[in-house]
Structure formats: C-alpha cells, structure tokens
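Per-entry structural report
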Amino acid sequence: MHVIASELPHREMYNLLLSSVAPRPIAWVSTLSASGLPNLAPFSFFNCVSVDPPLLAFAPGLRPVRSAASEQHGAQHEAKDTLRNVRETKEFVVSVVTYQLLERMNLTSGEYDPTVNEFDLAKLTPQPSRLVRPARVGESPVSFECRLHRILDFSTAPNGSSLVIGEIVAVYLDDGHLKDGRIDRNSLDLIGRMGGIQYTRTTQRVELARPEVAQKKVGG
C-alpha cells in the first residue's frame with residue numbers, strides 16, 4: 001500500500017502515526033494557571049530537541065469546547081488547560097513516567113474541569129520546584145523545570161495542535177537512580193506510548209556501538 005497523506009481521513013492518519021511512530025516518551029507536564037490553579041497532564045508527542053540550549057518540546061492538540069465563552073464565539077475547539085497555562089505563565093515542569101506510575105499517569109489524562117487538581121486526583125505528591133512555580137511530581141525520578149522558549153501554532157483547525165518548546169533551567173534527579181554522580185539509565189523503568197491504549201516498558205534493551213569511520217586526511 002502506498003497512500004497520499006492528503007487523501008487520508010484524519011482518524012486514519014492519526015492511527016497510522018500513533019501505531020508506527022512508537023514507542024514515544026511521555027511528558028508528564030505540570031503547570032499553573034494565571035490564578036494559581038495546578039494542572040497535570042501527560043503528552044506523548046514529546047521529545048528533547050536540543051542540548052545547547054537544552055530544549056524539550058511537546059505538542060498539545062485542541063479539544064472540544066467546554067467554556068460558555070468559547071461557545072458564544074462559535075468555537076468548536078479550544079486549547080487544553082496545559083497550553084493555556086503555559087501561554088499565561090511561561091513556565092512548566094516535565095516529569096518522566098515509570099512503570100510504577102503508569103496507572104496514576106493515566107488517571108491524569110482525562111479532560112477534567114480546570115478546577116480539578118490532578119495531583120490530588122491521582123494521589124501524587126506535588127514537590128516545590130527550584131526555579132519555576134509549577135510543582136514537580138514527587139514520585140517521578142527525573143523532572144525538568146522549564147521556561148517557555150517559544151510556541152509554534154500549526155493550525156487552529158479542530159484537529160490542529162501547537163508545539164511548546166521549553167528551555168530547561170533546572171533538573172531534579174532522585175539520588176536512588178544515580179551511579180557515580182550520573183543518572184543510571186538501567187535503573188529507570190520508563191514507559192513508552194504505543195498506538196491505541198497500548199504502552200510499553202523500556203527495560204528490555206540492546207547495546208550497539210556506532211561504527212568507527214576512518215577520517216580522510218585534508219591536504220598533502
């Protein structure tokens with residue numbers, strides 16, 4: 001099969017991407033609204049995009065409108081709480097998700113009212129960050145405090161999304177996952193997102209060194 005992307009219905013393209021671009025890391029993003037209400041939500045359109053400067057990016061989509069104000073203006077879809085909060089406060093925290101936290105992460109994925117505190121809902125511990133106002137997930141072994149670098153809005157269509165890019169300003173590392181002063185990657189039982197409602201563990205690994213390529217001499 002060889003198809004033209006523009007000829008695929010949205011649902012088919014969505015399922016194709018999520019089933020084949022996998023596993024995807026999960027950003028557990030905590031934010032605060034302008035009025036100080038906490039929010040916590042997972043995003044699997046997520047990755048690191050730069051080391052210098054250190055940048056993380058995640059892409060929240062739109063959701064069906066819930067607010068009366070949006071409905072009065074004829075809008076069918078609106079920004080998720082996370083995106084709105086980042087626009088307002090310019091800060092967020094990304095915590096990683098381990099297998100032990102999988103079910104509680106899933107609880108925070110619901111489309112709740114902005115007044116719902118997902119930390120309380122999933123029985124998670126909000127721990128103070130060092131340089132930003134949103135709390136990190138206390139049960140997560142690694143958290144990245146970020147200040148907004150920029151937001152790229154791709155589309156305002158119902159199925160559109162935005163790319164939120166944040167610069168890492170501080171990192172929390174659980175001492176129990178450190179070895180010789182560095183993160184012990186083998187101790188992290190991280191979760192990846194597959195298609196549909198599937199997730200995968202990242203504990204089964206393969207080590208493979210890059211090939212050594214001889215460098216050509218320049219000049220005589």
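Here we summarise the structure given alongside this text. (Residues numbered from 1 in each chain as written. Predicted model: local features only at pLDDT ≥ 70, side-chain atom pairs only at ≥ 80, totals over all residues. Heavy atoms only, no water.)

Our next topic: the sheet that holds strand β3 (residues 38-43). Strand order in the open sheet formed by seven strands is β3-β2-β8-β11-β12-β5-β4, and the pairing between neighbours is antiparallel. Taken across any chain shown, the strands that pair with only one partner, and hence form the sheet edges, are β3 and β4 (46-51). Strand-to-strand twist in this sheet, taken as the mean axis angle between neighbours without regard to direction, amounts to 35°. Pairing between strand β11 (residues 142-153) and strand β12 (residues 162-173): 11 bridges, direction antiparallel. Looking at the pairing, F144 lines up with V171 of β12. Running at roughly 50° to strand β2 (residues 27-32), helix α3 (residues 81-89) makes contact with β2, β3, β5 (54-58), β8 (91-95), β11 and β12 of the sheet. (Pairing = 2+ DSSP bridges. Helix = DSSP H or I, 4+ residues; strand = E, 2+ residues; numbered from the N terminus. Axes fitted to C-alpha atoms, helices over the stretch in contact; angles between N-to-C directions. Contact = heavy atoms within 4.5 Å.)

Within the open sheet, the three strands sit side by side as β1-β15-β16. Their pairing is antiparallel. Looking at which strands have only one partner, the edges of the open sheet turn out to be β1 (24-25) and β16 (199-201).

Backbone torsion omega between A22 and P23 reads -5°, so that peptide bond is classified as cis. Among the secondary structure elements, P23 is positioned in the loop between α1 (10-20) and β1. The omega torsion of the bond from D52 to P53 falls at 5°, within 30 degrees of zero and hence cis. Topologically, P53 is positioned in the loop between β4 and β5. In this structure, K123 takes a positive phi of about 55° despite not being glycine. Although it is not a glycine, D180 adopts a positive phi angle of roughly 55°.

Looking at the element boundaries, R147 is found in strand β11. Given the relative accessible area of 37%, R147 is considered partly exposed. Along the primary structure R147 and G219 are separated by 72 residues, whereas in three dimensions their C-alpha atoms are 46 Å apart. Those residues in contact with R147, other than ones at most four positions away along the chain, are K90, E91, L131, V132, G166, E167 and V169. Within the local environment of R147, its side chain forms a polar contact with the backbone oxygen of L131, the two atoms lying 3.0 Å apart. (Buried < 20%, exposed > 50% of the residue type's maximum accessible area, 1.4 Å probe, protein only. Polar contact = N/O pair within 3.5 Å; in protein donor to acceptor, adjacent residues only side chain to side chain.)

Time to look at the side chain of S33. Checked against the element boundaries, S33 lands in the loop between β2 and β3. A relative accessible area of 10% means that S33 is categorised as buried. When neighbours within four sequence positions are excluded, S33 is seen to be in contact with N85, E88 and T89.

As a further point, take the state of the cysteines. What the rule picks out here adds up to zero disulfides. Of the cysteine sulfurs around C48, a residue in no disulfide, the closest is that of C146, at 11 Å. Owing to a relative accessible area of 54%, C48 belongs among the exposed residues under this scheme. (Disulfide = S-S within 2.5 Å.)

This brings us to the pattern of salt bridges. Taken as a whole and assessed by the stated rule, the structure comprises six salt bridges. The shortest N-O distance in the salt bridge between E91 and R133 comes to 3.0 Å. Within this pair, whereas E91 is found in strand β8, its partner R133 is found in the loop between β9 (126-127) and β10 (136-137), the two being separated by 42 residues in sequence. Overall, E91 belongs to the buried group, its relative accessible area being 9%. For R133, a relative accessible area of 57% puts it in the exposed group. (Salt bridge = Lys/Arg side-chain N within 4 Å of Asp/Glu carboxyl O.)

Structural remark: α-helix, 3.6 residues per turn; residues separated by three or four positions point the same way. Listed as buried for α3 are D81, T82, L83, N85, V86 and T89. Positive backbone phi, approximately 65°, marks K90, located one or two places after α3.

A separate point is the packing of aromatic side chains. Aromatic ring pairs are defined here through the distance separating the ring centres and the angle between the ring planes. As enumerated under the stated definition, the model contains two aromatic pairs in all. A centroid spacing of 5.0 Å and a plane angle of 40° characterise the contact between F43 and F58, whose relative ring orientation is tilted. In this pair, F43 sits in strand β3 while F58 sits in strand β5, placing the two residues 15 residues apart along the sequence. Given a relative accessible area of 1%, F58 falls into the buried group. Here F58 and F92 contribute two aromatic rings whose centre-to-centre distance is 5.4 Å and whose plane-to-plane angle is 75°, an arrangement assigned as edge-to-face. Residue F58 is found in strand β5, and its partner F92 is found in strand β8; the two are separated by 34 residues along the sequence. (Phe/Tyr/Trp six-rings, centres within 6.5 Å; stacked < 30°, edge-to-face > 60°.)

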